[in-house]
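Descriptive structure summary
Now for the letters of each chain:
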Amino acid sequence: MSFIGMALASFADDVVFKASAPSQVIVGRPFQLTFSVNHSARDLRAPQFTDFDVLSGPYTSTSSSTSFVNGHRTSTFEQTYTYTLMAQRAGTFTIGPATIRVDGSDIQSNGVRIQVLPEDQQPTASGQSAQSTQSSQSSSANSDNLFVRTIVSKTRVQEQEALLVTYKLYFANVDVAQLTNNTKLPEFTGFLKQELDQGEIQTQLEHYNGRNYQTAVLYRAVLYPQHSGDITIEPAHFEAIIRVQTRQQVRSVFDSFFETYTNVTRAVNAPKATIHVDPLPSGKPAGFSGGVGKFTIAPSISQTEMQANDAVTIKLDISGAGNMKLIKTPAVDWPEGFEPYDPKVTNNFSTTTNGVSGTKSIEYLAIPRNAGDYTIPAITFSYFDIEEKAYKTLATPEYAIHVKRGANGANGENGANSEGQVISYTHKEDIKQLGTDIRYINTKPLKITNHQSQITNYNHLWLFYAVPLVLATMILIFLRKQIKENADITRVKYKQANKVAKKRLKAAAEALKANNKDVFYAAIEQAAWTYLSDRLSIPTADLNKENISSILAQKGVSEAIIKEVMNVLSTAEFARYAPATDHAMDDLYTATTNLINNLEDQKI
């Protein structure tokens, strides 16, 4: 590019020529279109105003200012051209860019897109009569001029299918100053709720039932129905403060120039809504755990060749949109000889008007303890495809693993300590002779003075060797018993279940004291599920409410306690994603503690 071309490009970047107009207008009502430029300009060439009538313009005005801040001079300049237009018909239209000449160069503005709403329908005769009887603006704040709608995106959905509920305020010929804090939203019983961030409330025009209203979205949430049948969203209650003109008796000619206003509070109720929820169809796959939406999986493995006692990691990313927060972690069927650890789960979700979307990343880690060739079966994930109305099962590939003998020929032994932590005995060294325990035997005959002294000397000699031998035997028996018990990880977890649960309940108590709801509910849920997994000797991934109830019944646990178990698990799972009060958190903590104590008394 030549020097002159570079200079013209730099100049064009400094010049700002833009068009602005309301994004929404009403047929038959004037509005203004403004073109502004930050340099002295001439020869404005306006676009064709198709679909709009030009009532007046362009009116030209200029403004400039100069300021000094910390010795630096700053100058601004603006030249504006204003048209008054009026739309001819309803629809969405685009006004093309204008062109203006600045220092010999033509500069083009942006285009403007405008939505034109229809005119208000003419009121009926009764409506005109009613309006004529209104004595003040306060009387116009009726159900026709001020109301809130309950808008649901769908009235018929599948179980666990997302729907959007919106509460929107409509007002016309009413000056709404603000909303009060006296808002009462329904409990949304039967739904799992995910609120959407509102930010600042913005108003915009909307043509509804033949009239044009100013509207404002008050509240939005994504709901997931938890059971089939008709579920009712109860009415919501809002409160608005309206500025009302106060009419006073005119006492002089000057009183008509002054008006006074007062604030009036008006209660506005949003109607209830009923959602018909269809149950999920029969024929659920074996691995189905409640996922509803549209998902994909992306698996990967850290390595397929390793030495014994080296870790292998499988990562599984579940991506898509749906009830992401309720998706259970798929289980991995590790080969015998692999020691698995609890999977690490990372959620990266965002909530939009279409529901929750994002990625659930799961990392499975295991350690092979013996050399050999193994096959890790495919990991399956089943869900209900909401678009195709059918169950789908996604599967990872099978992984062939080759495990070599470890360093020093280690082939794997392991156990667990009293805390339930895994102990590896794979790095034992071969026994080395560090010294000699056998001394040279004295062959000289013993001098015995008499029979009694001989017996006394032998007694002392046997005690000297017998006591350490007995102690060593006892220690050896004890250690062998401990090693044998620690090698049985299931038994260790069974014995340590109460201790581990109390440790997690302690973390929940600290989170409750700090009012950290996310950490509290996660700790409560983990304490309950892990305790039941350890006590019932079932891996956490295979644990569900159905087999918990069945196994507890087989072990002779009373129906009341089984019902208490189901209630705690359901409450913890639901409350983790739904708002709850501090009182509800206290109740859940107490119920979980009592439940674990009751199960300990049952000796399951």
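You'll find the structure just up there.
Source: prediction; values computed, not measured. (Residues numbered from 1 in each chain as written. Predicted model: local features only at pLDDT ≥ 70, side-chain atom pairs only at ≥ 80, totals over all residues. Heavy atoms only, no water.)

The number of helices and strands found in the protein chain is eight helices and 33 strands. When each of the 604 residues of the protein chain is scored for burial, the buried share is 35%. A separation threshold of at least 6 residues defines the contact pool for the protein chain, and within that pool the share at least 24 residues apart is 71%. Carbon together with sulfur atoms contributes 51% to the accessible area of the protein chain, which is approximately 36,300 Å² in total. (Helix = DSSP H or I, 4+ residues; strand = E, 2+ residues; numbered from the N terminus. Buried < 20%, exposed > 50% of the residue type's maximum accessible area, 1.4 Å probe, protein only. Contact = heavy atoms within 4.5 Å. Areas by Shrake-Rupley, 256 points an atom, 1.4 Å probe, with all protein chains shown as cover.)

We now examine a nonpolar patch on the surface. Residues V467, V470, L471, M474, I475, F478 and L479 make up a contiguous nonpolar surface patch of roughly 690 Å² in combined accessible area. With respect to the secondary-structure elements, L471 resides in helix α3 (residues 451–487). On the basis of relative accessibility, which here comes to 48%, the residue L471 falls in the partly exposed class. (Patch = residues over 30% accessible without salt bridge, like charges linked within 9 Å, V, L, I, M, F, W, Y side chains within 5 Å. Salt bridge = Lys/Arg side-chain N within 4 Å of Asp/Glu carboxyl O.)

Its 20 residues place the ends of helix α5 (residues 517–536) 28 Å apart at the C-alpha level, agreeing with the 28 Å of an ideal helix rising 1.5 Å per residue. When you tally the buried positions in α5, you get 15 out of 20 residues, the bulk of the element. For α5, the N-terminal cap is N516; the gap from its side-chain oxygen to the backbone nitrogen of V519 is 3.4 Å. Positive phi shows up at S537, right after α5, with a value of about 55 degrees. (Expected span 1.5 Å × (residues − 1). Polar contact = N/O pair within 3.5 Å; in protein donor to acceptor, adjacent residues only side chain to side chain.)

A word on the packing of aromatic side chains. Applying the stated criterion to the full structure yields 21 aromatic pairs. Relative to Y83, the ring of F49 lies with its centre 5.2 Å away and its plane at 55 degrees, an arrangement referred to as tilted. Pair noted here: F49 is in the loop between β4 (42–45) and β5 (52–69) and Y83 is in strand β6 (residues 72–87), with a separation of 34 residues, a long-range link. Owing to a relative accessible area of 8%, Y83 belongs among the buried residues under this scheme. Their ring planes at 20 degrees and their centres at 5.8 Å tell us that F381 and Y383 sit as a pair that is stacked. A single burial state applies to F381 and to Y383, both of which are buried. (Phe/Tyr/Trp six-rings, centres within 6.5 Å; stacked < 30°, edge-to-face > 60°.)

Where strands meet in a sheet, backbone hydrogen bonds hold them as pairs that are either parallel or antiparallel. Taken together, the three strands give an open sheet; going across it, the order is β12-β21-β18, and neighbouring strands pair in mixed fashion. Bordering the open sheet on either side are β12 (156–158) and β18 (229–233), each of which pairs with just one other strand. For this sheet, the mean inter-axis angle between neighbouring strands, taken without regard to orientation, is 35 degrees. By the bridge criterion, three bridges tie β12 to strand β21 (residues 273–278) in an arrangement that is parallel. Note on β21: the bridge partner recorded for Q158 is D278. (Pairing = 2+ DSSP bridges. Axes fitted to C-alpha atoms, helices over the stretch in contact; angles between N-to-C directions.)

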